[in-house]
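# Commentary on secondary and tertiary structure
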Amino acid sequence: MMSFSEIETTAKRASKAAGFSWGIAEEIGKSTRSLELFGLPGIINLNHYLKKIKKKHPTKIIKIEKENKTEGKELCPIYSGITFLDRCLELEKLKSLKFYNVSYPLLMLPFISRASEVMSKKILIQYNNSSFLLNFDKSIFSKNIDKQAQPQANIVDIEFIENKNSFSKQDWKELYKLSEETFVEESDSLKATAAGAGLTDND
Amino acid sequence: MSKLNIKLRDPNEVMKLSRLGSFHQSKLSFLRSFIREFKDWEYKRNIFELDKDGYGVAVYSFEKNKRNYSLICFAQYINPNERSDRVIATKWDAAFVLHDGMPTRKDINRLKENVPKQEIGRMSYKELTLSRANKSVRIFDHVVNSLSSGNQPDKNLLSKVGYLYRTTAVYGSGKFGLADRFRIKNRKEIYGPFRLEMMLVYLVRQFTFDQVNHIAKFKNPDKAIKLDENIARNLGIGNSTGLGMAPFIVNHPTLLHKWIYNREKALKDIRSIETVNSDEFIFFKNCLAKSRSIIDTWLTDSQYQNKKINSLKSDLIEFDKFIEKDCLIKTKYLWNTIYLWVEKNLKEECIEYIVSMMMEPYDKIIDPLIGNMSSEEELYFSIPGHRKISVLKTILEKKYQPIIKINFKEKNSTSNFWFISKNKEEPRVANRYEEHGAELEQPLAIARDIKRLYERILKTNQSETVADFLLNNDDLRHVVRRAFIADQFPYSEIQDNTIGASLMPIDMLRLKLSFFGAVKFDPKSDKWLRINMYQGAPLSHELKNSDDTWIYNSLN
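Residues numbered from 1 in each chain as written. Chains lettered and ligands numbered in written order. Predicted model: local features only at pLDDT ≥ 70, side-chain atom pairs only at ≥ 80, totals over all residues.

Glancing now at the sheet that holds strand 3 (residues 67-75) of chain B. Residues and elements named next belong to chain B. As summarised here, the arrangement of the nine strands in space is 1-2-3-4-5-6-7-11-10, forming an open sheet in which the pairing is mixed. Since the sheet does not close on itself, it has two edges, and those belong to strand 1 (42-50) and strand 10 (519-523), each with one partner. The average angle at which neighbouring strand axes cross in this sheet is 25 degrees, direction not considered. With seven bridges connecting them, strand 3 and strand 4 (residues 94-100) associate as antiparallel partners. From the neighbouring strand, A75 faces strand 4, where its bridge partner is A94. Along the sheet, helix 7 (residues 195-219) makes contact with strand 1, strand 2 (56-64), strand 3, strand 4, strand 5 (127-135), strand 6 (163-171), strand 7 (236-241) and strand 11 (529-533), crossing strand 6 at roughly 150 degrees. (Pairing = 2+ DSSP bridges. Helix = DSSP H or I, 4+ residues; strand = E, 2+ residues; numbered from the N terminus. Axes fitted to C-alpha atoms, helices over the stretch in contact; angles between N-to-C directions. Contact = placed C-beta atoms within 7 Å.)

This next bit is on the environment of K307 of chain B. Note on placement: K307 of chain B falls in helix 12 (residues 303-326). Taking the C-alpha atoms as reference points, K307 of chain B and L227 of chain B, 80 residues apart in sequence, are found 36 Å from one another.

Right, let's get into the interface of chain A and chain B. Contact residues are listed per partner, giving 21 residues for chain A and 21 residues for chain B. Among the elements of the structure, helix 1 (4-17), helix 2 (22-37), helix 4 (77-86), helix 5 (88-91) and helix 6 (109-119) of chain A are those that each provide at least two residues to the side of chain A that touches chain B. Considering only residue class, the side of chain A that touches chain B consists of eight nonpolar, five polar and eight charged. (Nonpolar A, V, L, I, M, F, W, Y, C, P; charged D, E, K, R; others polar.)

Our focus in this paragraph is the packing of helix 16 (residues 389-399) of chain B against helix 20 (residues 477-488) of chain B. How two helices sit against one another is set out by the angle between their axes and by the gap between those axes. All names here are of chain B. Look at helix 16 against helix 20: their axes get within 10 Å of each other, and the N-to-C directions meet at 65 degrees. When the interaxial angle is binned, helix 16 and helix 20 end up roughly perpendicular. Both helix 16 and helix 20 take part in a crossing whose hand is left-handed. For the pair helix 16 and helix 20, contact is made by L392, I395, L396 and K399 and by V480, A483, A486 and D487, respectively. Looking at side-chain class alone, the contact of helix 16 with helix 20 contains six nonpolar, no polar and two charged residues. (Parallel < 35°, antiparallel > 145°, perpendicular 65-115°, else oblique. Left-handed = near helix turned anticlockwise from the far one by under 90°.)

Moving on, we get to the sheet that holds strand 1 (residues 67-68) of chain A. Residue and element names in this part refer to chain A. Taken together, the six strands give an open sheet; going across it, the order is 1-2-6-3-4-5, and neighbouring strands pair in mixed fashion. Every other strand in the sheet has two partners, leaving strand 1 and strand 5 (139-143) as the edge strands with one partner each. Inspection of the sheet shows strand 1 paired to strand 2 (residues 96-103) by two bridges, in the parallel sense. The residue bridging N68 from the neighbouring strand is F99, located in strand 2.

As structure tokens, this is what we get:
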């Protein structure tokens, strides 16, 4: 088995050889490692994508808006992902975004995952019947993962998830009540002797 | 709190290559901290299955609280024509792997097929570090012949080399399928950097002693004697080191910062001691006196190194005079007085020697720093795209002062380029204007690229964000990242030109090797050198009662 260190180094070098700058190649190395660590098919997708663009380098995305498309061309998942990451704090207000006609969309994922950490917000990505919940770059919860390379997605939907709890008030109340059973009922004597501060604060 | 308010030394001075290339081993060095950490572990020789010529398999281990690390050694015959210390070699006298736990026979058989092949073999996540070594044939044969005839070897001959075997590479951190660092990084006993590499080398040293004794015994069972322990203790393990180490210190900026920062913090804390007690001062003077044997037996044919050794020797004479005449124990902030005198009167080689020596009496200052010499590099990888270009400009002006003064329009400033060789995937450096391949240059010309970045942002709207700037300047993304790292970690960058005509790559190697704890740097060119590790170190059965100043006990 290849170590993650080998995966990162080889992905970085291959990306440079395919025409990306060293700084971008460093990002791709880290991202591919991250995909493989999360059990996602990073190497397969990167290999296919780099072969595809080696002769004709993709166009950079200049600006990220609510809806992103380039006429007649596929969007590069690397440039889209990196531009998203670099600008994530200003994108938050959009609440959701769409990217149209994206090549090898899985390769965008690690950048959005890192953005989730920078923004302290969970992010949901959906394309081609797959969905991924990105949790602050700590984990990726996914449904319908294709273990093979997916060359294209018509629409990649990205949604910022507001920071809110996943449980009801009632569930919380019940659990909290149970937790109270670890507390000691305070007698007058305990009130007087067990706390650090005085009985009055007027002295 | 010091009333003098002594500050850390200026990174713009400390991080110059000539200064970094004058660093020496110290109490912070990894092989010394390895011995401190593992001295109370249970050492064992578990398997020793060598034939009469010393070829076969051996296993050594350290164990404590159910944790076990095992070195598996494979020794083989090689034709003398095949013996080479260069990284392009394909066969070695012995190959080694450090295994996580006690290996089964199945593991040993698997590794037997792979470890001797080194770079073209495959390890698994159960293996931690990998290495190979060649005999110093002259010394090895002499020792075997002497022991088998019932005599101890000639100490004078041994002192000229100082080891039986030389390692030519020690690999770790995920190379060739080895375990990734994240799998083991939370183990407290290996918090210090390169601790498992240090363990491997220590156990290899023990193997070399056992192997010579074994061969001598088979050669002449009636007369053979064992290598005298005092002689063995004064033998270390040699190492031939090439350019592979140089990119490491450029590619791991936060780690480099941690190493240098802790050294600088130690110096600052020591200089801040108001009252030095006489025991501490005597301890310092004793270590300094004993360490002279390392300098006196430091032999090299390198003109570059001999000049440095001679300057060290003559400066130490001046230092002795100063210590005897002008250093009274009653002087407040005595260490600071000493340091200021040293910095003013001596050259870099000796300044850094004294800095290392000043640490010797102070376990209480050094010990807490040891566990802080690793780095979580991933945490600092992301570029803050929302920051303004004006902020980046200020960082460059503050953190890269010497670099932005370099004129890269001069040909001499860009003479060299770093590349990775195809046959062994090893770093190399060559003349840009005479050799082919510069178009495949590695991103190690940090000074040149920082200067490019600076020139480009001078022409950029200062209120633009870094994200905006990167849209049109992604060729400089790697140095934008570094600048934001340097802003947080002042000792993360070499403040020098790593592609200039006057570059001495061995300065970069020496920096790293000094942190390893190597001594007797012996440059064979400006691109590779030999060193010695563990000379004077306690033998395996002496570890428990060993003392941290063992490095000064070497007689060779």
